[in-house]
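# A look at the structure
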Amino acid sequence: MKIPARAFTHGGKFHADDVFSAALLKLIRPDIVIQRGLAVPPDFDGLVFDIGGGMFDHHSADRAARRNGTPYAAFGLLWKVLGAQLVGEHQARLIDEDFIQPLDLNDNTGSPDSLADAIGSFNPLWDSKDDPDACFAQAVEFAGVVLRRRIEEANAITRADDLVRKAYANMRDGIVVLPCYAPWKNALYRTEALFVVYPSLRGGYAAQCINDTRRKAPKRPFPAAWAGLADEELQAGSGIAGLRFCHASRFLVTGDTKEAVLAACRRTLGLS
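Overview of the structure. On a predicted model such as this, the values are computed, not experimentally measured, just so you know.

The number of helices and strands found in the chain is 8 helices and 10 strands. Here the C-alpha atoms of the chain give a radius of gyration of 24 Å, more than 25% beyond the 19 Å that 2.2 N^0.38 yields for 272 residues. Burial status across the chain gives 43% buried among its 272 residues. Excluding contacts between residues fewer than 6 apart, the proportion of contacts in the chain whose partners are at least 24 apart in sequence is 56%. Accessible surface computed for the chain: about 14,500 Å², of which carbon and sulfur atoms make up 51%.

Here is the structure:
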């Protein structure tokens, strides 16, 4: 879809829906001019959203909804058309599920959402003389930073998927070893992997359990006796030199070396 040079949305109090819609349009076409008002001018030639009853409005009784029942707001309707060209179809769907649907639900039902509240805080205070359009522009700039980072993150995950899948192809005993830290969840959930091992961004190595997608809990958590232990206590309790920490929830261990955390995974599996 080609974005025109002008767009129109409602005036008055703004919300996360129209703000993020504007941020999305500006991300794709930075020079777009977005006008606000209480009614769409009869001769307006451009894209209209969150007002006017067009394809990017959601205020009619027959508003569109997703398969899971979550109704679309303007942001979701725009993302449905534009998202795939920014991040690909798979990541566009994930961003809609994790990021956009809560905002759409907030706008349609008033369901609590902290990000929507943060955007709403940009509105002029009741007793201020701030220009609402200037406040809207500030909110759009803020939303643009958030949206840009989500898009960059999604594209980074796509780049990581190839690296993680190659490591998965060399998996042994359910343990996937990455050559560097990379986002791995997207590629390893719904696989046979049990653990992933990688160089930690804090130094040393980490091993993390892969969650069962239905239970949303580790398939094979680290031993209960290790939970919350660190350094000498963990090494004594596990019998593995070089281990540094086991999370109290038993989904993560860290160690000085790759060998130490690999040994923790194998011990958990009863292989050593």
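Judged from the 5 bridges that link them, strand β1 (residues 6-10) and strand β2 (residues 33-37) form a sheet pairing that is parallel. Its bridge partner being in β2, R6 is matched across the sheet by V33. In this fold, the crossover linking β1 to β2 by way of helix α1 (residues 16-28) has right-handed handedness.

Attention now goes to unusual backbone geometry. Despite not being glycine, D173 has its phi angle at roughly 55°, a positive value. Within the secondary structure, D173 sits in the loop between α5 (132-169) and β4 (175-177). Since its relative accessible area comes to 48%, D173 is described here as partly exposed.

Bringing the sheet that holds strand β5 (residues 195-199) into the picture now. The mixed open sheet is built from 5 strands, whose spatial order is β4-β5-β6-β10-β9. Across the chains shown, the open sheet's two edge strands, defined by having one partner strand only, are β4 and β9 (243-246). Between one strand axis and the next, the sheet turns through 20° on average, direction left out of account. Against the sheet, helix α8 (residues 258-268) engages β4, β5, β6 (205-209), β9 and β10 (252-255), with an angle of about 170° to β5.

What follows concerns the sheet that holds strand β3 (residues 47-48). Across the sheet, which stays open at both edges, the 3 strands sit in the order β2-β1-β3 with parallel pairing between neighbours. Taken across any chain shown, the strands that pair with only one partner, and hence form the sheet edges, are β2 and β3. Bridge count between β1 and β3: 2 bridges; the pairing is parallel. Residue pairing for β3: F8 is matched across the bridge by V48. Contacts from α1 reach β1, β2 and β3, with the element oriented near 175° to β1.

All right, on to the pattern of salt bridges then. Enumeration according to the criterion identifies 11 salt bridges in this entry. R36 is paired through a salt bridge with D133; the nearest N and O atoms lie 2.7 Å apart. A residue pair is termed long-range when its members are at least 10 positions apart, and R36 in strand β2 and D133 in helix α5 qualify at 97 residues. For R36, a relative accessible area of 14% gives the class buried. By relative accessible area, which is 40% here, D133 ends up partly exposed. For the salt bridge of D256 with R244, the shortest nitrogen-to-oxygen distance reads 2.9 Å.

Here is what the cut-offs are and how they apply
- Within each chain, residues carry numbers counting from 1 in the order of the written sequence.
- Only residues with pLDDT of 70 or above have their local features reported here, since the model is predicted, and side-chain atom pairs are shown and tallied only from 80 upward, although totals for entire chains, interfaces and linings are computed over all residues.
- Side-chain metrics rest on all non-hydrogen atoms present in the structure, leaving aside hydrogens and water.
- Numbering of helices and strands runs from the N terminus; a helix is a DSSP stretch of H or I covering at least four residues, while a strand is a stretch of E covering at least two.
- Only C-alpha atoms enter the radius of gyration; for comparison, a globular chain is expected to reach 2.2 Å times N to the power 0.38, where N is the number of residues.
- The buried label applies to any residue whose accessible area, calculated with a 1.4 Å probe on protein chains only, is under 20% of its type's maximum; exposed applies above 50%, and partly exposed to all values in between.
- Any two residues having at least one pair of non-hydrogen atoms within 4.5 Å are treated as being in contact.
- Here the Shrake-Rupley method, with its probe set to 1.4 Å, supplies the accessible areas, and only the displayed protein chains count as covering residues.
- In short, DSSP must find at least two bridges between two strands for them to pair.
- Seen with its strands pointing away from the viewer, a crossover is right-handed when the path leading from the first strand over the helix to the second is clockwise.
- Throughout, an axis means a line fitted to C-alpha atoms (over the contacting stretch in the case of helices), and angles, computed between N-to-C directions, take values from 0 to 180 degrees.
- One speaks of a salt bridge when a side-chain nitrogen belonging to Lys or Arg is within 4 Å of a carboxyl oxygen belonging to Asp or Glu.

Distances and angles like these do not, on their own, reveal function.
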